[in-house]
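In case you want the letters, here they are:
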Amino acid sequence: MTEVDSRRCAAALWPIAVCGTCAAAIVGFWITGYSLTQGRSGVPLDDAWIHFQFARNIAEGTGFAFNPGEPTAGSTSPLWTLMLAAVYWAGGSFPLAGQVLSAVTYLAIPLATYALARSLVRCDWLAWLSGLVVALNGRLVWAGLSALETGVFTTLALLSVRSYLTDRRDRVLRWSTALLLGLATLARPEGYLLSALVFTDSLLTQVRHRARRGCSTIRQLVWPGLLYCVVVMPYIVFSFVSSGHLLPNTYHAKVGVSTRIDWSFLSVAAKYLILDNVLLMPFFVFGLILLAPQKPVLVLWCVGLPIGYALIHAIPYQHGRYLMPLIPFNAAVACYGVREFHEWVSYRWRTVADALKRWRVAGCALALLATAWRLPTMAQQYAWNVDNISSMHVEVGLWIDAHTPEEAVLALNDIGAITYISRRYAVDLAGLVTPEVVPILRGEDAAGGLARFMAREGVDYAVVFPNWFPELVSHSDWLEPVHSVELTRNTIAGGPRLVVYQTNWPTWSPSAQ
């Protein structure tokens, strides 16, 4: 076999190895979940059921709504919701259809990682190594079976940055890049940050190189900018019309912007960075330093997203899922750091470089093991998460469906599975699809305000975690417990005990209303 044939064979084997690794990881997680839950399938987070509810209503023709016929911007990922709606319309059944779709997007992540890394390192085996490192990351495998939007956003973000790096080299901003950024923004609101970095850097780059041609600089950005607006504006307008805000309800329900950085969030982000691959972490830092002047968008994205979350005081729960999209970027940057370190050593100590080259296979194996060692732990976490959601939320949804009238109105602080399964009207006490409760929750008399609001909305049953509303549930004259589920080992739910209360509202005076 000639050297050319060997390279062609290797080029064909790498993608097979990556895809095979992804498939094996997905199957391994699924088997672990199936075994631990005694054959009970499901998703590891209730948020997926929220997407399912939106998707079913869209497919059934009742609008982009959580409660049929009541449009609301309660989805942080309208693109993912529409993809799920298409799957449901085509005959897919949730949650399995959602998991298959998210598994496909998980498969795309290491391939897109290869594309980005290849543009950085100009070395096939090192680029594919970054793809394999990503494929073996247990947190991303968890996301691949979560039926959530993590995979599609991460893939679109990788392709957007890869496309922009080519644009920056050619000192243009192509329509294809703007389209990818628009789709990424529809997949997750973090796409706004990535898009802002790209458009700002593109403007500065073109101004520097076309200082005497201002009109040309503007024209280079106007059309891609317009295309981006065409993609993202419909959901912005929909959000404003339905809720009075430009961003989805989830932003206003969960986010509190501050100039004070939440260092505890950054501490957790650093912990995940170390756990993802402790051997590659020094090369990641080295790569960031070297790439800063050459690829500022990539560096600012890797550093800026955790800082942005720290500024809005996000909660790094659910295995740090909001930071999962950075995993492949970190891997690509780390592989760039590996290549630059090797070249630096080669320039100074040739014999050391030759020794490193001989041990390249062993080094790759260690890098993969430094990621893969977490797979069994994350597989068990996935299994327990599925068990929690199935034993609590799904079970309560089935109970509600069997024991309450079809016209019953529910008030919940976890709205996904219970509403989807029971098909009851829902009032969201977290404010994701009922934004009117957000100012009540932040008021002085939250318990009394919520009680009066639920009474006005005609709530018949409140399904809540008592630890969330201790003062509210203490009013036994308002809320009578009729059913409850308690988890022996809570790994993902908002509390260990979920209680169904039948309501008995007093008559408040008009001034209290």
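Residues numbered from 1 in each chain as written. Predicted model: local features only at pLDDT ≥ 70, side-chain atom pairs only at ≥ 80, totals over all residues. Heavy atoms only, no water.

Trainee: Is there a simple way to think about the sheet that holds strand β2 (residues 425–428) in this case?
Mentor: Working definition: the strands of a sheet are paired by backbone hydrogen bonds and lie parallel or antiparallel to each other. Taken in spatial order, the five strands make up an open sheet running β2-β1-β3-β5-β4, and their pairing is mixed. Two strands bound the open sheet, and with one partner strand each, they are β2 and β4 (479–486). Pairs of neighbouring strands in the sheet enclose a mean axial angle of 25°, with direction left out of account. The pairing of strand β1 (residues 409–412) with strand β3 (residues 461–464) spans three bridges and is classified as parallel. Each residue of the ladder has a partner; that of Leu410, found in β3, is Tyr461. Along the sheet face, helix α18 (residues 375–403) touches β1, β3, β4 and β5 (497–503) and points at about 135° away from the line of β4. (Pairing = 2+ DSSP bridges. Helix = DSSP H or I, 4+ residues; strand = E, 2+ residues; numbered from the N terminus. Axes fitted to C-alpha atoms, helices over the stretch in contact; angles between N-to-C directions. Contact = heavy atoms within 4.5 Å.)

Trainee: Can you walk me through the packing of aromatic side chains in this structure?
Mentor: Two measures describe an aromatic ring pair: the distance that separates the ring centres and the angle between the ring planes. A full pass over the atoms with the stated rule returns 21 aromatic pairs. An angle of 45° between the planes, with centres 5.5 Å apart, marks the rings of Phe54 and Phe64 as tilted. Note that Phe54 is positioned in helix α2 (residues 47–59) and Phe64 in the loop between α2 and α3 (78–89), a separation of 10 residues in sequence. Like Phe64, Phe54 is buried. Members of the aromatic cluster, joined through ring pairs, are Trp49, Phe52, Tyr88, Phe94 and Tyr420. Across from the ring centre of Tyr272, 4.8 Å away, lies the NZ or CZ of Lys271, which sits over that ring. Residue placement shows Arg374 over the ring face of Trp373; its charged tip is 5.9 Å from the ring centre. (Phe/Tyr/Trp six-rings, centres within 6.5 Å; stacked < 30°, edge-to-face > 60°. Buried < 20%, exposed > 50% of the residue type's maximum accessible area, 1.4 Å probe, protein only. Lys NZ or Arg CZ within 6 Å of the ring centre and 35° of its normal.)

Trainee: Would you explain helix α4 (residues 96–121) in this entry?
Mentor: The α-helix winds at 3.6 residues per turn, so residues separated by three or four positions along the chain end up facing the same way. The terminal C-alpha atoms of α4, which comprises 26 residues, lie 38 Å apart, in line with the 38 Å expected from a rise of 1.5 Å per residue. Of the residues flanking the end of α4, it is Arg122, one or two places downstream, whose phi is positive at about 55°. (Expected span 1.5 Å × (residues − 1).)

Trainee: Looking at this structure, I do not really get the environment of Thr76. What am I missing?
Mentor: Relative to the helices and strands, Thr76 is located in the loop between α2 and α3. Look past the residues within four positions of Thr76 in its chain and what remains in contact with it is Glu149, Leu186, Ala187, Arg188, Pro189, Pro248 and Thr250. Only 3.4 Å separates the side chain of Thr76 from the side chain of Arg188, close enough to count as a polar contact. (Polar contact = N/O pair within 3.5 Å; in protein donor to acceptor, adjacent residues only side chain to side chain.)

Trainee: Can you help me understand the nonpolar core in this one?
Mentor: Burial of nonpolar side chains together is a common tendency in soluble globular proteins. By size, the foremost hydrophobic cluster in this structure holds 137 residues, and its most contacted members are Phe29, Phe52, Leu298 and Phe329. Core analysis: the next-biggest nonpolar cluster, separate from the first, contains 22 residues, Val437, Ile440, Met454 and Trp505 among them. (Core = buried A, V, L, I, M, F, W, Y, C linked by side-chain atoms within 4.5 Å.)

Trainee: For this particular structure, what's the right way to read the pattern of salt bridges?
Mentor: Note on pairing: side chains with opposite charge can pair once their charged atoms come close. If you walk through the whole model with that rule in mind, you get 13 salt bridges. Close ionic contact of Asp124 with Arg118 constitutes a salt bridge, the shortest N to O distance being 2.9 Å. With its nearest N and O atoms 2.9 Å apart, the salt bridge here joins Arg174 to Asp170. A residue is classified by how much of its surface remains accessible, and Arg174, at 34% relative accessible area, is partly exposed. Each of Asp167, Arg169, Asp170 and Arg174 takes part in a single network of salt bridges with overlapping partners. (Salt bridge = Lys/Arg side-chain N within 4 Å of Asp/Glu carboxyl O.)

Trainee: Help me understand helix α7 (residues 150–170), please; the structure alone is not making it clear to me.
Mentor: Here α7 contains 21 residues, and its C-alpha end-to-end distance of 30 Å stays within 8% of the 30 Å for a straight helix at 1.5 Å per residue. Most of α7 sits out of view: 17 of its 21 residues are buried. Immediately beyond the C-terminal end of α7, within one or two residues, lies Arg171, with a positive phi of roughly 60°.

Trainee: I'm lost on unusual backbone geometry in this one. Help?
Mentor: For residues other than glycine, phi is negative in most cases, and the peptide bonds are mostly trans. Following Phe94, the chain continues into Pro95 via a peptide bond in cis, with omega recorded as 10°. Despite not being glycine, Arg122 has its phi angle at roughly 55°, a positive value. Position of Arg122 relative to the elements: it lies in the loop between α4 and α5 (124–135). We classify Arg122 as exposed; its relative accessible area is 54%. One non-glycine residue, Ala147, adopts positive backbone phi at about 60°. Topologically, Ala147 is positioned in the loop between α6 (138–144) and α7. By relative accessible area, Ala147 is classed as buried at 0%.

Trainee: For this particular structure, what's the right way to read the pairing of β5?
Mentor: Look at any regular strand and the pattern is simple: side chains alternate between the two faces of the sheet. Of all seven residues that make up β5, five are buried, and the element is covered over most of its length. Of the pairings in the sheet, the one linking β3 to β5 comprises four bridges and is antiparallel in character. Within β5, the position partnered with Tyr461 by the bridge is Gln502. As defined by bridge partners, β4 adjoins β5 across seven bridges and the pair is classed as antiparallel. Across the sheet, Val485 pairs through a bridge with Leu498, a residue of β5.

Trainee: What is the right way to look at a nonpolar patch on the surface in this model?
Mentor: On the surface, Met233, Val237, Phe240, Val241 and Leu246 cluster together to form a nonpolar patch covering roughly 490 Å² of accessible area. Along the chain, Met233 falls in helix α10 (residues 214–243). Its relative accessible area of 37% is what places Met233 among the partly exposed residues. (Patch = residues over 30% accessible without salt bridge, like charges linked within 9 Å, V, L, I, M, F, W, Y side chains within 5 Å. Areas by Shrake-Rupley, 256 points an atom, 1.4 Å probe, with all protein chains shown as cover.)

Trainee: Explain the environment of Ala73 here, please?
Mentor: Following the sequence through the fold, Ala73 ends up in the loop between α2 and α3. Under the relative-accessibility criterion, Ala73 is labelled buried at 0%. The spatial distance from the C-alpha of Ala73 to the C-alpha of Tyr235 is 8.0 Å, given a sequence separation of 162 residues.

Trainee: Sorry if this is basic, but what is going on with the side chain of Ser195 here?
Mentor: Counting through the fold element by element, Ser195 comes out in helix α9 (residues 190–209). Within the structure, the side chain of Ser195 is placed 3.2 Å from the side chain of Tyr228, a separation counted as a polar contact.

Trainee: Is there a simple way to think about the side chain of Ser390 in this case?
Mentor: Turning to its location among the elements, Ser390 is positioned in helix α18. Since its relative accessible area comes to 6%, Ser390 is described here as buried. Discounting chain neighbours no more than four positions away, the residues touching Ser390 are Arg40, Ser41, Gly42 and Glu395.

Trainee: Help me understand the confidence of the model for the protein, please; the structure alone is not making it clear to me.
Mentor: Interpretation of the predicted coordinates at a detailed level should be avoided for regions scoring low in pLDDT. Here the protein averages 87 in pLDDT, while 89% of its residues score no lower than 70. In this model residues 509–513 is a low-confidence stretch, pLDDT under 50, and it forms four contacts with partners more than four residues away in sequence or in other chains. (pLDDT = per-residue confidence, 0-100.)

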